[in-house]
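Chain and residue survey
Each chain, written out:
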Amino acid sequence: MRKNSSSGFNILWAALILFALQPSRLNAQWYAEASGGGVYNLPMPLAIYQDGTPTIRMTARFKTEPFTLPVYWDVRFGKIVGKRIYEAELIHHKLYLKNTTAEVQKFNVSHGFNMLIFNYGIERGKYRYRAGLGLVIAHPESKIRGLVFGNSTDDWDMGYYLTGPVVSASAERKIDMSKHVYLLFGAKTTVALAKVPINGGNARFVNVAGHLNLGVGLRK
């Protein structure tokens, strides 16, 4: 199902409203975090179904290029009640197929393999541990057997699609800089199922990624 680029942000706003409606407690604390980092994608099966042609099956090896525009980023907005964490997270992940072939000439999700995740976690001293569940909002660009889909050079190309579920688990360490500002170092694993459109069909794959993040947080 096709969605424009505002779909994920509409879901994010809805989640934040739900957080705001939670019963307030004296020890509740709101915060916002933003980070960058690097990602390693495990080689995983990729199946490509195109009308009137044999199915292509291969092991996809994706790179991320986190510091190439548009850069990789991870933002979170949440609330700690006691030691419990309630949080919405949006990750702008990117995928570029390295092992292209004569038939699979291009297969990228470079304007975002965007993961919208709702997290629950626990804070233990300077450490936080989270588990999350969410959806992938992807912008695929491909050239399969000479047939092109999507446009990665047009920033106004609104070819975003809800493509499947994602689960995540993470741990991070905080370093306090002041009462309201802190640095964070974290590691995260995401596992996402995706079915993305191509010209004349679709492609299906699983993305298993390990993320290392460095960022900053602001707390109220």
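Residues numbered from 1 in each chain as written. Predicted model: local features only at pLDDT ≥ 70, side-chain atom pairs only at ≥ 80, totals over all residues. Heavy atoms only, no water.

Some remarks on the side chain of serine 110
Selection rule: Helical segments are the DSSP runs of H or I of at least four residues, strand segments are the runs of E of at least two, and each set is numbered from the N terminus. Accessible area is worked out with a 1.4 Å probe on protein chains only. A residue is then buried under 20% of its type maximum, exposed over 50%, and partly exposed in between. Polar contact criterion, stated in full: a pair of N or O atoms within 3.5 Å, where within protein one must be able to donate a hydrogen and the other to accept it, and residues adjacent in sequence count only if both atoms are side-chain atoms.
Tracing the backbone through its elements, the reader meets serine 110 in strand E8 (residues 104-124). Taking the relative accessible area as the measure of exposure, serine 110 reaches 5% and is therefore buried. At 2.6 Å, the side chain of serine 110 forms a polar contact with the side chain of glutamate 141.

Quick look at the pattern of salt bridges
Spelled out, the test is: Here, a salt bridge means any Lys or Arg side-chain nitrogen found within 4 Å of an Asp or Glu carboxyl oxygen.
In total, this model carries 17 salt bridges according to the counting rule given. In this structure, arginine 130 engages glutamate 33 in a salt bridge whose closest nitrogen and oxygen atoms are separated by 3.6 Å. Highlighted residues: arginine 130 in strand E9 (residues 127-138) and glutamate 33 in strand E2 (residues 28-41), separated in sequence by 97 residues. Owing to a relative accessible area of 5%, arginine 130 belongs among the buried residues under this scheme. Exposure remark for glutamate 33: the relative accessible area of 5% places this residue in the buried category. Here arginine 76 makes a salt bridge to glutamate 89, at a shortest N to O gap of 3.4 Å. A residue pair is termed long-range when its members are at least 10 positions apart, and arginine 76 in strand E6 (residues 73-81) and glutamate 89 in strand E7 (residues 84-97) qualify at 13 residues. The same class applies to arginine 76 as to glutamate 89, namely buried. Among the charged side chains, a salt-bridge network with shared partners connects Glu33, Asp74, Arg76, Glu87, Glu89, Glu123, Arg128, Arg130, Glu172, Lys174 and Lys188.

Topic: a nonpolar patch on the surface
Counted only if it meets this: Like charges within 9 Å and nonpolar side chains (Val, Leu, Ile, Met, Phe, Trp, Tyr) within 5 Å are joined into patches, using only residues over 30% in relative accessible area that form no salt bridge. We get accessible surface area from the Shrake-Rupley algorithm with a probe of 1.4 Å; when it comes to residues, only the shown protein chains can shield them.
Among the surface-exposed residues, Ile175, Met177, Phe185 and Leu214 lie close enough to one another that they form a single nonpolar patch of about 370 Å² accessible area. Among the structural elements, methionine 177 can be located in the loop between strand E12 (160-176) and strand E13 (181-198). By relative accessible area, methionine 177 is classed as exposed at 52%.

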